[in-house]
Amino acid sequence: MSTAARRRLIRDLKRIQQDPPDGVSASPHADNVMIWNAIIIGPSDTPFEDGTFRLSITFDEEYPNKPPQVKFLSEMFHPNVYASGELCLDILQNRWSPTFDVSSILTSVQSLLNDPNTASPANVEAAQLYKDHSSMYAKRVRETVEKSWAEDLMDDDDDDDEDEDGEDED
């Protein structure tokens, strides 16, 4: 069934494939265009540098008039990310516009990594460290970056355990 939301998501997919923003990638699940997997690479010259952070983006039939739900699947230590991985980001709440697409959402999330809003923190500890103890904040962030690498290695190992038919080898 083709709906306005699904047609828009296909356009978003074509746009992100033809003109991918630096350091972000995303694609829908093979069987459901309303659920996307995304990866954000931590921006250079930040404590998040070289991290590979996985996210899920869930759309409903009101997209693009209603924002999607965006959630980090990778562990994240950031003032605007709840322990659950959900984001506190104005464009996903009160400043949403139907002009935003998947690329602009992910680019905004990526820029948020180095430019948090400490006035309304989702993670009070991260906000406090960011404001008052930047070196301790950077150390905690680097720990999550290193964990993101370990997640990548585990995913690679999972891929290696499958043969050409996609079945686990003994």
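Calculation criteria
Residues numbered from 1 in each chain as written. Predicted model: local features only at pLDDT ≥ 70, side-chain atom pairs only at ≥ 80, totals over all residues. Heavy atoms only, no water. Axes fitted to C-alpha atoms, helices over the stretch in contact; angles between N-to-C directions. Helix = DSSP H or I, 4+ residues; strand = E, 2+ residues; numbered from the N terminus. Contact = heavy atoms within 4.5 Å. Nonpolar A, V, L, I, M, F, W, Y, C, P; charged D, E, K, R; others polar. Salt bridge = Lys/Arg side-chain N within 4 Å of Asp/Glu carboxyl O. Buried < 20%, exposed > 50% of the residue type's maximum accessible area, 1.4 Å probe, protein only. UniProt positions renumbered as here; feature names shortened; annotations may be inferred. Pairing = 2+ DSSP bridges. Phe/Tyr/Trp six-rings, centres within 6.5 Å; stacked < 30°, edge-to-face > 60°. Lys NZ or Arg CZ within 6 Å of the ring centre and 35° of its normal. Polar contact = N/O pair within 3.5 Å; in protein donor to acceptor, adjacent residues only side chain to side chain.

**Digging into the packing of helix α1 (residues 4–18) against helix α2 (residues 102–114)**
Then, in step 1: Look at α1 against α2: their axes get within 8 Å of each other, and the N-to-C directions meet at 60 degrees. In this structure, α1 uses L9, D12 and I16 to contact α2, whose residues at the interface are V102, S103 and L106.
Then, in step 2: For the contact of α1 with α2, the residue count by class is 4 nonpolar, 1 polar and 1 charged.

**Let's talk about the pattern of salt bridges**
Then, in step 1: Applying the stated criterion across every chain yields a total of 9 salt bridges.
Then, in step 2: In this structure, E61 engages R6 in a salt bridge whose closest nitrogen and oxygen atoms are separated by 3.0 Å. Here E61, found in the loop between β3 (52–58) and β4 (69–72), pairs with R6, found in helix α1; they are 55 residues apart in sequence, far enough to count as distant.
Then, in step 3: Among the residues examined, R6 registers a relative accessible area of 26% and is labelled partly exposed.

**Some points on the UniProt feature "active site" (unreviewed entry) in the chain**
Then, in step 1: Taking the UniProt record as the reference, the feature "active site" (unreviewed entry) is found at C88.
Then, in step 2: Within the secondary structure layout, C88 lies in the loop between β4 and α2.
Then, in step 3: With residues up to four places along the chain from it excluded, the contact list for C88 reads N80, Y82, Q93, L112, S120 and A122.

**So, the pairing of β4**
Then, in step 1: Every second residue of β4 is oriented toward a common face, the buried set being V70 and F72 and the non-buried set Q69 and K71.
Then, in step 2: Bridge count between β3 and β4: 4 bridges; the pairing is antiparallel. Within β4, the residue paired with I57 across the bridge is V70.

**As for the packing of aromatic side chains**
Then, in step 1: Scanning the model with the defined rule gives 7 aromatic pairs in all.
Then, in step 2: Between the aromatic rings of F48 and F53, the centroid separation amounts to 6.0 Å while the plane-to-plane angle is 75 degrees, which identifies the pairing as edge-to-face.
Then, in step 3: An aromatic cluster of at least three residues, connected via ring pairs, comprises W36, F59, Y63, W96 and F100.
Then, in step 4: For R140, the ring lying beneath its charged end belongs to F77, and the centroid distance is 4.1 Å.

**Considerations on the side chain of D101**
Then, in step 1: With respect to the helices, strands and loops of the structure, D101 is situated in the loop between β4 and α2.
Then, in step 2: Looking at D101, its side chain comes within polar contact range of the side chain of R15, at 2.7 Å.

**Focus on unusual backbone geometry**
Then, in step 1: Put simply, Y63 and P64 share a cis peptide bond, and its omega is 10 degrees.
Then, in step 2: In the Ramachandran plot, D45 falls in the positive-phi region, its phi being about 60 degrees despite a non-glycine side chain.
Then, in step 3: You can see D45 is positioned in the loop between β2 (32–41) and β3.
Then, in step 4: Judged by its relative accessible area of 73%, D45 falls in the exposed class.
Then, in step 5: Non-glycine residue D50 carries a positive phi angle of around 70 degrees.
Then, in step 6: Relative to the assigned elements, D50 resides in the loop between β2 and β3.
Then, in step 7: Take D50: its relative accessible area is 47%, and that puts it in the partly exposed class.

**Side note on the sheet that holds β3**
Then, in step 1: If you walk across this open sheet you meet the 4 strands as β1-β2-β3-β4, and the pairing is antiparallel. Of all the strands in the sheet, just β1 (24–29) and β4 have a single pairing partner and so form its edges. In this sheet, neighbouring strand axes are inclined to one another by 25 degrees on average, regardless of whether the strands run parallel or antiparallel.
Then, in step 2: Most of the contacts of α1 go to β2, to which it runs at about 30 degrees, and overall it touches β1 and β2.

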